[in-house]
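For reference, the chains in residue letters:
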Amino acid sequence: MPVSETKYNAKISAFGKFLPETVYDNAYFEKIVDTNDEWIVSRTGIKERRILENGATSDLGVGAIQDMVKRFNIDLDTIDVMIVATVTPDMLFPATACVIMDKLGMKKTWGYDILAACSSFLFATSQARSFIEAGTYKRVLVIGADKMSSITDYTDRNNCILFGDAGTAILYERTEDKNDGVLDETLYCDGSGGKYLYMLGGGSLNPPTHETVDKKMHYIYQDGKAVFKVAVIGMADVSFEIMKRNNLKPEDVAFLVPHQANLRIIDATRKRMGVDNSKVMINIDKYGNTTAATIPLCLIDYYDMGKLKKGDNLVLSSFGAGYTWGGIYLKWSID
Ligand code: COA
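Residues numbered from 1 in each chain as written. Predicted model: local features only at pLDDT ≥ 70, side-chain atom pairs only at ≥ 80, totals over all residues. Heavy atoms only, no water.

Peer 1: Outline the overall build of the protein, supporting the account with residue identities and numerical values.
Peer 2: The secondary structure content of the protein amounts to 11 helices and 13 strands. Over its C-alpha atoms, taken along the principal directions, the protein stretches across nearly 55 × 45 × 35 Å. The buried share of the protein, reckoned over its 335 residues, is 56%. Within the protein, residue pairs in contact and separated by at least 24 positions form 77% of the contacts whose partners lie at least 6 positions apart. Here the protein has roughly 14,300 Å² of accessible surface; of this, 52% comes from carbon and sulfur atoms. Between the centroid of the 38 positive side chains of the protein and the centroid of its 43 negative side chains there is a distance of 3 Å. (Helix = DSSP H or I, 4+ residues; strand = E, 2+ residues; numbered from the N terminus. Buried < 20%, exposed > 50% of the residue type's maximum accessible area, 1.4 Å probe, protein only. Contact = heavy atoms within 4.5 Å. Areas by Shrake-Rupley, 256 points an atom, 1.4 Å probe, with all protein chains shown as cover. Lys, Arg positive; Asp, Glu negative; His and termini not counted. Charge placed at Lys NZ, Arg CZ, Asp CG, Glu CD.)

Right, here's the structure in full:
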């Protein structure tokens, strides 16, 4: 979608995060699969991840919303729409959005789930932006939450070291300042990439049977090498494209906020944009790949460290299963 020409913009007015207490560090994986800390850190940048031992994705979302309420004193009845971005819904249906609303006693909000894998947060942001810019709704809550441990095969060293669990809540709100909040977006899908990153079982194609369980079809499958190659190009190109389209020079960008799948993909994106290391948000070392939660978690962590300031120009970019990828140009709105 091009830069908007409507009366309103969508700005971030509140946020919250939830990180489970249990930590799986690289030493843990050395005990359960044939791997080592040096390999994991040098190939991915990951040192540890959080794991939700009890509960589901809705609990990650509820925890994040409760944190948001505590920080910003938000009345949940003022939220018009809740969009839950996740690949690990509690169940196929009802939507995790409905589960979360029920757990929090929210009766005045409607909502639904959206699945675009690691790009889910950007796709959900686009929808929140559209609702607000069209004037249809004033406050749209995007939950980026994934319990990746629920679909990870902890005997598969290629994948199990990569993922973690986390929940985030980002509240988008109407503003009449056309130079604030979400300023531009560019989003893509290429379904021919589906064969390189998927979970085969559990849907209408392969309903659960003893056989689907025996064949481990309820876990993530990824051809890491194939995905790596296109992810590097996709994320770098889309970030460059959004800079170019908005006449942003490297010095105009306060931070690149990349999806956290692999530190080497992040580094390639940074180089293509021409920004230096100090302008890249990174927390993959602490949480691994938390899918829909990585980008909002970066925003909140950097705010909490006092590094993010009102008016900062941010370039958000992602690449994930689908393939799905995209970039968003966002001006940070909170002091
Ligand atoms: N510990 C030790 N060795 C491992 C390992 C582990 N945890 N996992 C894989 N290896 C081995 C492989 O078996 C392979 O061995 P072989 O050459 O004897 O077959 C070797 O390490 C190299 O594997 P390779 O696939 O070439 O590594 P890589 O440099 O591509 O890194 C990933 C693997 C998964 C980290 C990387 O490909 C990646 O990040 N891919 C993209 C992820 C992504 O962006 N996904 C999209 C969003 S989810």
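We are not done yet, so read on.
Peer 1: Could you give an account of unusual backbone geometry, naming the residues involved and the relevant values?
Peer 2: Among all residues save glycine, negative phi is the norm, and among peptide bonds the norm is trans. The omega angle of the peptide bond from Phe93 to Pro94 is 0 degrees, so this bond is cis rather than trans. On the secondary structure map, Pro94 appears in the loop between strand E4 (81-85) and helix H4 (96-103). Cis geometry marks the peptide bond from Gly322 to Tyr323; its omega dihedral reads -5 degrees. The residue Tyr323 is located in the loop between strand E12 (313-320) and strand E13 (324-331) in this model. Positive phi, normally seen in glycine, also occurs at Asn247, with a value near 50 degrees. Overall, Asn247 belongs to the exposed group, its relative accessible area being 65%. Its identity is not glycine, yet Thr291 carries a phi of approximately 55 degrees, on the positive side. Mapped onto the secondary structure, Thr291 falls in the loop between helix H10 (284-287) and helix H11 (294-304).

Peer 1: Account for the site of the ligand, naming residues and giving values.
Peer 2: Inspection of the region around the ligand gives 21 residues, with Thr35, Arg43, Gln222, Lys225 and Asn262 positioned closest. Between the ligand and Arg264, the relevant distance is 3.0 Å, taken from an oxygen atom to a side-chain nitrogen or oxygen of the residue. Relative to its free-state accessible area of 960 Å², the ligand is covered by the protein chains to the extent of 76%. The set of elements that each furnish at least two residues to the shell around the ligand consists of helix H2 (37-44), helix H6 (157-160), helix H8 (224-245) and helix H9 (263-273). Residue composition of the shell around the ligand, by class: 9 nonpolar, 7 polar and 5 charged. Here the shell around the ligand spans two domains, since at least three of its residues come from each of domain 1 (9-178) and domain 2 (182-331). (Near = heavy atom within 4 Å. Polar contact = N/O pair within 3.5 Å; in protein donor to acceptor, adjacent residues only side chain to side chain. Nonpolar A, V, L, I, M, F, W, Y, C, P; charged D, E, K, R; others polar. Domains from an automatic or database assignment.)

Peer 1: Would you mind going over the nonpolar core in detail, with residue names and values included?
Peer 2: One broad trend across soluble globular proteins is that nonpolar side chains are buried collectively. Of all hydrophobic cores here, the largest spans 37 residues; its most connected members are Tyr172, Val257, Met281, Leu314 and Leu316. For this core, the element with the highest residue contribution is helix H5 (residues 120-133), accounting for 7 residues. Two domains each provide a minimum of three residues to this core, namely domain 1 (9-178) and domain 2 (182-331). Judged by nonpolar contacts, the second largest core, of 25 residues, contains Val33, Val238, Phe319 and Tyr323. (Core = buried A, V, L, I, M, F, W, Y, C linked by side-chain atoms within 4.5 Å.)

Peer 1: I'd like a description of the sheet that holds strand E11 (residues 255-258), backed by residues and values.
Peer 2: Pairing between the strands of a sheet is mediated by backbone hydrogen bonds and can be parallel or antiparallel. An order of E8-E13-E12-E11 is seen for the 4 strands of this open sheet, with the pairing classed as mixed. This sheet does not close on itself; its edge strands, each paired only once, are strand E8 (181-189) and E11. The average undirected angle you get between the axes of adjacent strands in this sheet is 15 degrees. Bridge count for E12 against E13 is 8 bridges, and the pairing is antiparallel. From the neighbouring strand, Phe319 faces E13, where its bridge partner is Trp325. Here H11 sits on the sheet and contacts E11 and E12; the angle it forms with E11, its principal contact strand, is near 140 degrees. (Pairing = 2+ DSSP bridges. Axes fitted to C-alpha atoms, helices over the stretch in contact; angles between N-to-C directions.)

Peer 1: An account of the pairing of strand E7 (residues 165-175) is needed here, citing residue identities and associated values.
Peer 2: Summarising burial for E7: 10 of the 11 residues are buried, a large majority. Bridge count for strand E1 (residues 9-18) against E7 is 9 bridges, and the pairing is antiparallel. For Lys11, the partnering residue across the bridge sits in E7 and is Glu173. Note that strand E6 (residues 139-147) and E7 share 9 bridges and pair antiparallel. Bridge pairing in E7 places Lys147 opposite Asp165.

Peer 1: If you had to explain the packing of H8 against H9 to someone new, which residues and values would you point to?
Peer 2: Here H8 crosses H9 at 35 degrees, and the two axes come no closer than 8 Å. Relative to H9, H8 is oriented so that their crossing is right-handed. Where H8 abuts H9, its residues Phe228, Ala231, Val232, Met235, Ala236, Asp237, Ser239, Phe240 and Met243 lie against Arg264, Ile265, Ala268, Thr269, Arg272 and Met273. Residue composition of the contact of H8 with H9, grouped by class: 10 nonpolar, 2 polar and 3 charged. (Left-handed = near helix turned anticlockwise from the far one by under 90°.)

Remember, this is a structural readout, not a statement about activity or role.
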